[in-house]
Amino acid sequence: MNVRKAHAGRIVLLTLVAILVAVPLYIALVAASHSPRDLLGQFPLLPGHQLGHNFASALVKGLPGAPPVWLMLGNSLLMALGIAIGKLVISILSAYAVVYFRFPLRMTAFWLIFMTLMLPVEVRFFPTYQVTAGLHLLNSYGGLILPLIASATATFLFRQFFLTLPRELVDAARIDGAGPLRFFFDTALPLSRTNIAALFVLEFVYGWNQFLWPLLTTTHQRYATIVMGIQGMITASQSFALPQWNLIMATAILALTPPVLVVVLMQRWFIKGLTETEK
Amino acid sequence: MRSNDSSPFPQRWLPYLLLAPQLVITLVFFVWPTYDALSGAFYQSSPFGLGTHFAGLANFTALFTDPNYLHAFGVTALYAVATTLASMGLGLLLAVLTEGLLRGHTLFRTLFIWPYAVAPAIAGALWMFMFAPQVGPGTRLLIALGIHWNYTLHGHQAMLLVIALTAWQQIAYNFLFFTAGLQGIPASLLEAAALDGSGPIRRFWDVTFPLLAPTTFFLLVMNTLYVFFDTFGVIQIVTQGGPANATTTLVYKLYEDGFQNLNLGSAAAQSIILMTLVGLLTVFQFRYLDRKVHYQ
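Being a predicted model, the structure only gives us computed values, none of them experimental.

Looking only at helices and strands, one finds 14 helices and zero strands in chain A. Its helices and strands taken in sequence order, chain A reads α-α-α-α-α-α-α-α-α-α-α-α-α-α from the N to the C terminus. Here chain A has a C-alpha radius of gyration of 24 Å; the compact-globule value for 279 residues is 19 Å, and the former is much larger. Taking the principal axes of the C-alpha coordinates as reference, chain A spans close to 75 × 70 × 30 Å. Carbon together with sulfur atoms contributes 69% to the accessible area of chain A, which is approximately 11900 Å² in total.

For the rest of this paragraph, the subject is the overall build of chain B. Counting its regular elements, chain B contains 13 helices and two strands. Scaling as 2.2 N^0.38, a compact globule of 296 residues should have a C-alpha radius of gyration of about 19 Å, whereas chain B reaches 24 Å, well beyond that. With the principal axes as the frame, chain B shows a C-alpha extent of 80 × 75 × 30 Å. Per-residue burial over chain B gives 53% buried out of 296 residues. Across chain B, contacts joining residues at least 24 apart in sequence account for 65% of those joining residues at least 6 apart. Accessible area for chain B stands at about 13700 Å²; split by element, carbon and sulfur atoms hold 68% of it.

Per the UniProt entry, the sites bearing "domain: ABC transmembrane type-1" (unreviewed entry) are residues 73-285 of chain B in this numbering. The distance separating the terminal C-alpha atoms of residues 73-285 of chain B is 21 Å; by composition the span is 76% helix and 0% strand.

Within the structure shown, the criterion is met by five salt bridges over all chains. Put simply, Glu203 of chain A and Lys87 of chain A hold a salt bridge, and the shortest N to O gap is 3.6 Å. Note that Glu203 of chain A is positioned in helix H10 (residues 193-208) and Lys87 of chain A in helix H3 (residues 69-100), a separation of 116 residues in sequence. In this pair, the class of Glu203 of chain A matches that of Lys87 of chain A, namely buried. Ionic pairing is found between Asp257 of chain B and Lys253 of chain B, a salt bridge with its closest N-O pair at 3.0 Å. Of the two residues, Asp257 of chain B and Lys253 of chain B both sit in helix H12 (residues 250-260), four residues apart, roughly one turn of that helix. The pair formed by Asp257 of chain B and Lys253 of chain B is uniform in burial state, with each residue classed as buried.

It is worth spelling out the UniProt feature "transmembrane region" (unreviewed entry) in chain A at this point. All names here are of chain A. Those residues carrying the UniProt feature "transmembrane region" (unreviewed entry) are residues 12-32, 77-101, 108-126, 138-158 and 247-266 in this numbering. Helix makes up 100% of residues 12-32 and strand 0%. Its end C-alpha atoms lie 29 Å apart. For residues 77-101, the end-to-end C-alpha separation is 36 Å, with 96% helix and 0% strand making up the annotated structure.

All names here are of chain A. A cluster of nonpolar side chains, Leu77, Leu81, Ile85 and Val89, forms an exposed patch at the surface whose accessible area comes to about 310 Å². Looking at the secondary structure, you find Leu81 in helix H3. By relative accessible area, which is 32% here, Leu81 ends up partly exposed.

Next up on the list: the domain arrangement of chain B. All names here are of chain B. You can read the domains of chain B as domain 1 (13-54) and domain 2 (59-292). Inter-centroid distance (C-alpha atoms) of domain 1 to domain 2 is 31 Å. Between domain 1 and domain 2, the contact holds eight residues from the first and eight residues from the second. Contact between domain 1 and domain 2 buries roughly 590 Å² in total, counting both sides, with carbon and sulfur atoms accounting for 66%. In terms of surface lost to domain 2, no three residues of domain 1 exceed Ala37, Ala41 and Gln44, which account for 56% of the buried area on that side. In this structure, the connection of domain 1 to domain 2 is made through zero salt bridges. The tally of links between domain 1 and domain 2 comes to two residue pairs in polar contact (both at pLDDT 80 or more). Every element with two or more residues in the side of domain 1 that touches domain 2 is listed here: helix H1 (14-40) and strand E1 (43-45).

Conventions adopted
- Residues numbered from 1 in each chain as written.
- Chains lettered and ligands numbered in written order.
- Predicted model: local features only at pLDDT ≥ 70, side-chain atom pairs only at ≥ 80, totals over all residues.
- Heavy atoms only, no water.
- Helix = DSSP H or I, 4+ residues; strand = E, 2+ residues; numbered from the N terminus.
- Rg over C-alpha atoms; globule rule 2.2 N^0.38 Å.
- Areas by Shrake-Rupley, 256 points an atom, 1.4 Å probe, with all protein chains shown as cover.
- Buried < 20%, exposed > 50% of the residue type's maximum accessible area, 1.4 Å probe, protein only.
- Contact = heavy atoms within 4.5 Å.
- UniProt positions renumbered as here; feature names shortened; annotations may be inferred.
- Salt bridge = Lys/Arg side-chain N within 4 Å of Asp/Glu carboxyl O.
- Patch = residues over 30% accessible without salt bridge, like charges linked within 9 Å, V, L, I, M, F, W, Y side chains within 5 Å.
- Domains from an automatic or database assignment.
- Buried area = accessible area lost by both parts, 1.4 Å probe.
- Polar contact = N/O pair within 3.5 Å; in protein donor to acceptor, adjacent residues only side chain to side chain.

Written out as structure tokens, the structure reads:
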């Protein structure tokens, strides 16, 4: 009886915390579903009827001085997919090279890649910006993606995974006459499926949520991403007689939905990816 | 590395070809900029913009005697410590409470992890609206409670706001790792302690908590790294470092000095200092992870 009571108490407490955690999102939803005038007086407790209207208006028109949200969502999607896929491809190839071949400078190459772990874009953004500008990559998708796609974490994880595959697999493949590329596509790649899925979730969220890098390297609105664009919208909304918080909150919801959906729908792989980066 | 060190495949050029994309990116976007920063940190622009001259350690000594830079250090440290303590404490509490549930793990896990996926800048926008001066619903609540809330005027309120919203995001991450850590604790140990007659709280402090020490240490480093380097978006959206530099973190200061004041020598020196900091934290993390691997 006592145990059951304690258990019920636990569920009540956890539910309360879950509600508290969701408050910022709920308030954004309420704001996004009203007209700007409704938000001036007493703050409404329930969602209004303008959600669709505000979403459509933000998506198609945006705010004067800021690009329409559909364009920024598209750019974010390109950037996130480019970064996630780019990181996976170059990391799996280099991990494969380091594990399955012996060649001069092998460990030098590995440590060079590993070093990038200590250089997140936030600490090297200033010199990296100068290099990117020198290569004429400002205001381009290449400039948004390439400087962020080297990944020590992904290389390290794929290396760890390849090291756990039994040597007999390679020997058997070689007896069958398979070369390194056949072995890669027929054996190593299919066996890495789960790792690839986990890392994809992590890197997609990383790419989608970038703020500083797109802010620095894109001055042309054509290349604006949604996460950096929200700042422009906040600034633009100051020029209105009524602050357009409804449109800004609608945009914020549109900006957070894709990565949250990816994490929630793929949480099994995502958790595997997160807890394995620990090793 | 493998104990059997003979090469599985004999090709001589293929490995270089496979490594090439990653190496080219690393050389162009990591090594070259780092070299630029290293050399730039020892130069200063001459007055009137007539080129640069070698300045030795002048950029570094200037930073460490600049009260604004030291202030940014203090701000970043306070921000990191407060956020880390709050989010790790709450993350652990939620993990322990969820772990003891008979059912509903997945539901609660989903309800607690989603803020992880929200971009710091977007989280900033949500919280900025909640606590916007005058109009924000949170602001109205605080004013009704008799608190003079205006984070654009009061530095400590601005700090509190960025700490609260960063902790809100980081609870998700800490919750996940503590959950993973709890699942790694052998049930037999806890049962043995229960048979010895210790209550749930004793069991937590005597058995569970010491076994979570590895996870706790790892999270300490990860949270510090996160607050130091991943919160630029939060600061830029919510406070722009203000009021009166109350929320100017090290990365934000680097952005201001490099991109707004165009003080290139100082920006390069600041980059070097930050790289050293990340380097130290990363080494800590790995030394410690090495030890953990030996335990298993």
